[in-house]
Amino acid sequence: MSTGAQAPGRDRDPGLQPERTRLAWRRTTLTGTVAAVLAVRTALHGGASASGLAVGALCCALWSAFLLLAQLRIRTLTRPETPPPLTARHATAAVLCTVALAVCAAVLVV
Amino acid sequence: MGKVPRVIGFVRNIRLWFAPEEIREEGSTPDYRFSLANERTFLAWLRTALALIGGGFAVDQFLPDLRWGWRVGLAFALLAAGVLCSLRAVNHWVRCERAMRRGEDLPGSRFPAVLSLAVAVVAVAMIVLVFAGWAG
């Protein structure tokens, strides 16, 4: 991970807040990856049906969407200037990915 | 605080999830470190939600000897908890962000207690079912 936070215009932040927030996004993406892997395992379990494969592919797409959201936010937090707060749309998009994954899970489990 | 006003408040907040401008117009911008701390709390709740959803998959995959009804029931309980947890994560984030802008106290919540009780109930049910499966 690059350390672009040391800009000459800004005092050093002793709490490393942007760095910690970047790592929190990484942890969350990792948790999402585990959930997506379990989703694909469920979709392929016991002979893959066409509908099972479609839902599994949708789970992968949702995981990619979450990864993209996390990368965008991490890039914003890496910039040297004072980081802007998270936007409500960004937070809602991340939550909608999670909810959609849960809906896919419900379809796969039944 | 009654149940009905809280549901109404939740529905009102949904508007704010999609309209960041409305939050930004209120009060004054807090120290960016507070906003980032709020963001990390939001992410921690989102991780909890993702872990609950993963738990739902795990019940389905790793307890194949359970009867269909129990297996699907437990998986659905965990998935529903995950959905509630993620929706509550963004709602709580919006409320905290607004409270910080207005300089108010941060909102309290019964949700952590409710979630812990729900997880405890599901865990006990799973232990009982697995042991009953071994015995029978």
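Numbers given for residues are sequential positions, taken from 1 along each chain in its written order. The order in which chains are written sets their letters, starting at A; the order in which ligands are written sets their numbers, starting at 1. Only residues with pLDDT of 70 or above have their local features reported here, since the model is predicted, and side-chain atom pairs are shown and tallied only from 80 upward, although totals for entire chains, interfaces and linings are computed over all residues. Only hydrogens and water are removed before side-chain values are computed, so all heavy atoms of the structure are retained for them.

### Remarks on the overall build of chain B
And step 1. Within chain B, the secondary structure is distributed over 5 helices and 0 strands.
And step 2. Secondary structure of chain B in N-to-C order comes out as α-α-α-α-α.
And step 3. What makes two residues a contact is simply this: any of their non-hydrogen atoms within 4.5 Å. Put simply, of all contacts in chain B between residues at least 6 apart along the chain, 72% involve residues at least 24 apart.
And step 4. Working note: accessible area of chain B is about 7500 Å², and carbon and sulfur atoms make up 67% of it. Only DSSP runs of H or I reaching four residues or more are called helices, and only runs of E reaching two or more are called strands; each is numbered from the N terminus. All accessibility values rest on the Shrake-Rupley procedure with a 1.4 Å probe; residue burial counts only the protein chains present in the view.

### A look at the interface of chain A and chain B
And step 1. The interface of chain A with chain B comprises 41 residues on the first partner and 36 residues on the second.
And step 2. Roughly 3700 Å² of surface becomes buried between chain A and chain B when both sides are summed, with 72% attributable to carbon and sulfur atoms.
And step 3. Any Lys or Arg side-chain nitrogen located within 4 Å of an Asp or Glu carboxyl oxygen qualifies as a salt bridge. The interface formed by chain A and chain B contains 1 salt bridge.
And step 4. Among the ionic pairs, R73 of chain A bridges to E39 of chain B, the shortest N-O distance being 2.6 Å.
And step 5. Polar contact is the term for a pair of N or O atoms within 3.5 Å; when the atoms are in protein, one must be able to donate a hydrogen and the other to accept it, and sequence-neighboring residues count only if both atoms are side-chain atoms. Our enumeration of links across chain A and chain B arrives at 7 residue pairs in polar contact (both at pLDDT 80 or more).
And step 6. Mapped onto the side of chain A that touches chain B, the elements with two or more residues apiece are α1 (17-44), α2 (50-78) and α3 (88-109) of chain A.
And step 7. If you tally residues by element for the side of chain A that touches chain B, the top one is α1 of chain A, at 15 residues.
And step 8. Within the side of chain A that touches chain B, the residues separate by chemical class into 23 nonpolar, 11 polar and 7 charged. Once two parts are joined, some of their accessible surface, as seen by a 1.4 Å probe, is lost; buried area is that loss totalled over both. Each residue gets one of three labels, nonpolar for Ala, Val, Leu, Ile, Met, Phe, Trp, Tyr, Cys and Pro, charged for Asp, Glu, Lys and Arg, and polar for the others, Gly among them.

### Digging into a nonpolar patch on the surface
And step 1. Patches were defined on residues exceeding 30% relative accessible area and lacking a salt bridge, with like-charge contacts within 9 Å and nonpolar side-chain contacts (Val, Leu, Ile, Met, Phe, Trp, Tyr) within 5 Å. Taken together, the side chains of L96 of chain A together with V7, V11, I14 and F18 of chain B define a hydrophobic patch exposed on the protein surface, amounting to about 440 Å² of accessible area.
And step 2. The element contributing the most residues to the nonpolar patch is helix α1 (residues 3-18) of chain B, with 4 residues.
And step 3. Considering the arrangement of structural elements, one finds V11 of chain B in helix α1.

### Examining the packing of aromatic side chains
We describe a pair of aromatic rings using the distance from one ring centre to the other and the angle between the two ring planes.
Residues and elements named next belong to chain B.
And step 1. Each aromatic pair joins two rings of Phe, Tyr and Trp (for Trp, the six-membered one) with centres within 6.5 Å, and gets the label stacked for planes under 30 degrees apart, edge-to-face for over 60, and tilted for any other angle. Per the counting criterion, the structure on display carries 3 aromatic pairs over all chains.
And step 2. Centroid distance W45 to F111: 5.7 Å. Interplanar angle 70 degrees. Geometry classified as edge-to-face. Here W45, found in helix α3 (residues 32-62), pairs with F111, found in helix α5 (residues 111-135); they are 66 residues apart in sequence, far enough to count as distant.
And step 3. Overall, F111 belongs to the buried group, its relative accessible area being 17%.
And step 4. Here, a charge over a ring is recorded when the distance from Lys NZ or Arg CZ to the ring centre is within 6 Å and its angle to the ring normal is within 35 degrees. Across from the ring centre of W45, 4.6 Å away, lies the NZ or CZ of R88, which sits over that ring. Partly exposed residues are those whose accessible area sits between 20% and 50% of the maximum for their type, while under 20% is buried and over 50% is exposed, using a 1.4 Å probe and protein chains only.

### Digging into the pattern of salt bridges
And step 1. Across all of its chains, the model carries 6 salt bridges over all chains by this definition.
And step 2. A salt bridge links R79 of chain A to E81 of chain A; its shortest N-O distance comes to 3.5 Å.
And step 3. Judged by its relative accessible area of 42%, E81 of chain A is partly exposed.
And step 4. A salt bridge links R71 of chain B to D60 of chain B; its shortest N-O distance comes to 2.4 Å. In this pair, R71 of chain B is assigned in helix α4 (residues 68-102) and D60 of chain B in helix α3, connecting sequence segments 11 residues apart.
And step 5. We classify R71 of chain B as buried; its relative accessible area is 15%.
And step 6. The class for D60 of chain B is buried, based on a relative accessible area of 9%.

### Structural notes on the environment of P83 of chain A
And step 1. By the secondary structure assignment, P83 of chain A is in the loop between α2 and α3.
And step 2. Between the C-alpha atoms of P83 of chain A and P18 of chain A, which are 65 residues apart in sequence, the distance is 7.4 Å.

### Digging into the environment of A99 of chain B
Residues and elements named next belong to chain B.
And step 1. Structurally, A99 can be placed in helix α4.
And step 2. For A99, a relative accessible area of 5% translates into the label buried.
And step 3. It is 9.7 Å that separates the C-alpha atoms of A99 and E26, two residues lying 73 residues apart in sequence.
And step 4. Not counting residues up to four positions away in its chain, the partners in contact with A99 are E104, D105, L106 and P107.

Read these as layout, nothing more, since geometry by itself doesn't imply function.
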